[in-house]
Amino acid sequence: MLDIIVPAYNVEAYIHACIRSILKQKTDVLFRVIIVNDGSKDRTGEYINQYRNEKNVLIIHQENKGLAGARNTGLLHTRAKYVMFVDSDDCLTSDAVDKLVSNAEKTGADIVAGSYYNFRKYCWFHKKYIQKAGILLSEQELKGHTWGKVYRRELFGNVQFPENYWFEDSVMHQIIFPKASVLFGISDVIYERRVNRKSITQTSAGNPKSLDSLWVTLKLMQDREKLGMRVTQSYYEYMLNQIRLTYTRVSKLGKEIQKAVFIVMAYELERNFRGYSSENLSGRKLEQAILAFEFEQFDAYVRK
């Protein structure tokens, strides 16, 4: 009924905790763990092989294709009604599968999202991130992370994660979330996210590859057109925020690059979203500067 995809790369210190948290789920839901060793150079592959005799574990070893490529490989092997993703340095709470799948079955939701904790080693942060509970009226009420959710597998029927890009999770808000008819949230904490100082989020500042935030956004906009996906108010609000986020991600590359990114995304907003206006105050302030191509005004607002 559920396939759990775990992409793994050089996580020998964490992979056992991750897999054990999945295999020890307290649930009657039938699930399978698809572990994709993405060309690890440490002992990750060796540790993963220790689970080869588990009946509900499928192990795949491949040459390195990156996080998106590993997830795509996992998707090629899914057969269940639902699918979820767990990053290999994170863990599930003991009843995560039961809570996510039972709510999906009960509500008929295409996506069910739960709350999560952040942690570093054995020190819990006091703040936890609570997902709004109940039927969600907009995909903007979902966090853009791939993990921490269960999805009806059909949502990925003709969609893959964009390979060779950073920020591949952009596919969620641009394509996967809008494809869902029913979105549902639960306030229960179902995911434990390790804060990794070597992650892209933590190390991307100043790296030219942070420009992938722009390229992947533009590529996914083209993909939406090919899929015949319509423009919505929710998507417009997302794009306003994506312009701000991309601008921030390239901030260490210098003002000239920031300005070029701003102009490209402002042009795309004007070209693709004519007739739309933001329904919230922060969005309207961004919108005013973007549509007027006022770089200095936009920069001042983002810096606040």
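Residues numbered from 1 in each chain as written. Predicted model: local features only at pLDDT ≥ 70, side-chain atom pairs only at ≥ 80, totals over all residues. Heavy atoms only, no water.

Draft legend 1. Just the overall build of the chain, in detail. Helices and strands together make up the secondary structure of the chain, namely eleven helices and ten strands. At 20 Å, the chain has a C-alpha radius of gyration in line with the 19 Å of a compact globule built from 304 residues. When its C-alpha atoms are laid out on the principal axes, the chain stretches across 60 × 40 × 40 Å. For the chain, contacts bridging at least 24 residues in sequence account for 78% of all contacts bridging at least 6. By element, 49% of the accessible surface of the chain is carried by carbon and sulfur atoms, the whole surface being about 15,000 Å². Both charge centroids of the chain, one from 44 positive and one from 35 negative side chains, sit 3 Å from each other. (Helix = DSSP H or I, 4+ residues; strand = E, 2+ residues; numbered from the N terminus. Rg over C-alpha atoms; globule rule 2.2 N^0.38 Å. Contact = heavy atoms within 4.5 Å. Areas by Shrake-Rupley, 256 points an atom, 1.4 Å probe, with all protein chains shown as cover. Lys, Arg positive; Asp, Glu negative; His and termini not counted. Charge placed at Lys NZ, Arg CZ, Asp CG, Glu CD.)

Draft legend 2. Molecular detail of the nonpolar core. Counting 36 residues, the largest nonpolar core has Leu2, Ile4, Ile22 and Val86 as the members making the most contacts within it. At five residues, the largest contribution of residues to this core is made by helix H4 (residues 96–107). In this structure, Val86 is in contact with Ile4, Ile5, Val6, Pro7, Cys18, Ile22, Leu92 and Tyr191, ignoring residues within four places of it in sequence. Listed in part, the 30 residues of the second largest apolar core include Ile5, Val36, Leu155 and Ala180. (Core = buried A, V, L, I, M, F, W, Y, C linked by side-chain atoms within 4.5 Å. Buried < 20%, exposed > 50% of the residue type's maximum accessible area, 1.4 Å probe, protein only.)

Draft legend 3. A look at unusual backbone geometry. For Phe167, which is not a glycine, the phi torsion comes out positive at approximately 60°. The class of Phe167 is buried, set by a relative accessible area of 12%. For Phe293, which is not glycine, the phi torsion reads 55° and is therefore positive.

Draft legend 4. Main features of the pattern of salt bridges. Scanning all chains against the criterion turns up 15 salt bridges. Residue Asp3 is joined to Arg32 by a salt bridge in which the shortest nitrogen-to-oxygen separation is 3.1 Å. Here Asp3, found in strand S1 (residues 2–8), pairs with Arg32, found in strand S2 (residues 31–38); they are 29 residues apart in sequence, far enough to count as distant. The exposure class assigned to Arg32 is partly exposed, which follows from its relative accessible area of 23%. Among the salt bridges present, the one from Arg271 reaches Glu268, with a minimum N-O distance of 3.0 Å. Taken as a pair, Arg271 and Glu268 lie in helix H9 (residues 255–272) at a separation of three residues, close to a single helical turn. Judged by its relative accessible area of 41%, Arg271 falls in the partly exposed class. (Salt bridge = Lys/Arg side-chain N within 4 Å of Asp/Glu carboxyl O.)

Draft legend 5. Local environment of the packing of helix H7 (residues 212–226) against helix H8 (residues 233–249). Between H7 and H8, the shortest axis-to-axis distance is 9 Å and the interhelical angle comes to 155°. Our classification of the angle between H7 and H8 gives roughly antiparallel. Contacts from Ser213, Leu214, Thr217, Met221 and Arg224 in H7 reach Tyr235, Met239, Gln242, Thr246 and Arg249 in H8. Here the contact of H7 with H8 is built from residues that sort into four nonpolar, four polar and two charged. (Axes fitted to C-alpha atoms, helices over the stretch in contact; angles between N-to-C directions. Parallel < 35°, antiparallel > 145°, perpendicular 65-115°, else oblique. Nonpolar A, V, L, I, M, F, W, Y, C, P; charged D, E, K, R; others polar.)

Draft legend 6. Quick peek at the state of the cysteines. In the structure shown here, the tally under the stated rule is zero disulfides. Unpaired in this structure, Cys91 has its nearest cysteine sulfur neighbour in Cys18, at a distance of 6.0 Å. (Disulfide = S-S within 2.5 Å.)

Draft legend 7. Inspection of the packing of aromatic side chains at higher detail. Tallied over the entire structure, the rule returns 18 aromatic pairs. Taken together, a centroid distance of 6.2 Å and an interplanar angle of 90° make the contact between Trp166 and Phe167 edge-to-face. Residues Tyr247 and Phe295 carry aromatic rings whose centres are separated by 6.0 Å and whose planes lie at 65° to one another, so their mutual orientation is edge-to-face. One end of the pair, Tyr247, is in helix H8; the other, Phe295, is in helix H11 (residues 295–303), and 48 residues separate them in sequence. Looking at Tyr247, the relative accessible area reads 3%, which means it is buried. For Phe295, a relative accessible area of 7% gives the class buried. Members of the aromatic cluster, each reached through a chain of ring pairs, are Tyr235, Tyr236, Tyr238, Phe273 and Tyr276. Directly above the ring of Phe161 sits Arg71, whose terminal nitrogen or CZ lies 5.1 Å from the centroid. In this structure, Arg224 is placed above the aromatic ring of Tyr235, and the distance from its NZ or CZ to the ring centre is 3.6 Å. (Phe/Tyr/Trp six-rings, centres within 6.5 Å; stacked < 30°, edge-to-face > 60°. Lys NZ or Arg CZ within 6 Å of the ring centre and 35° of its normal.)

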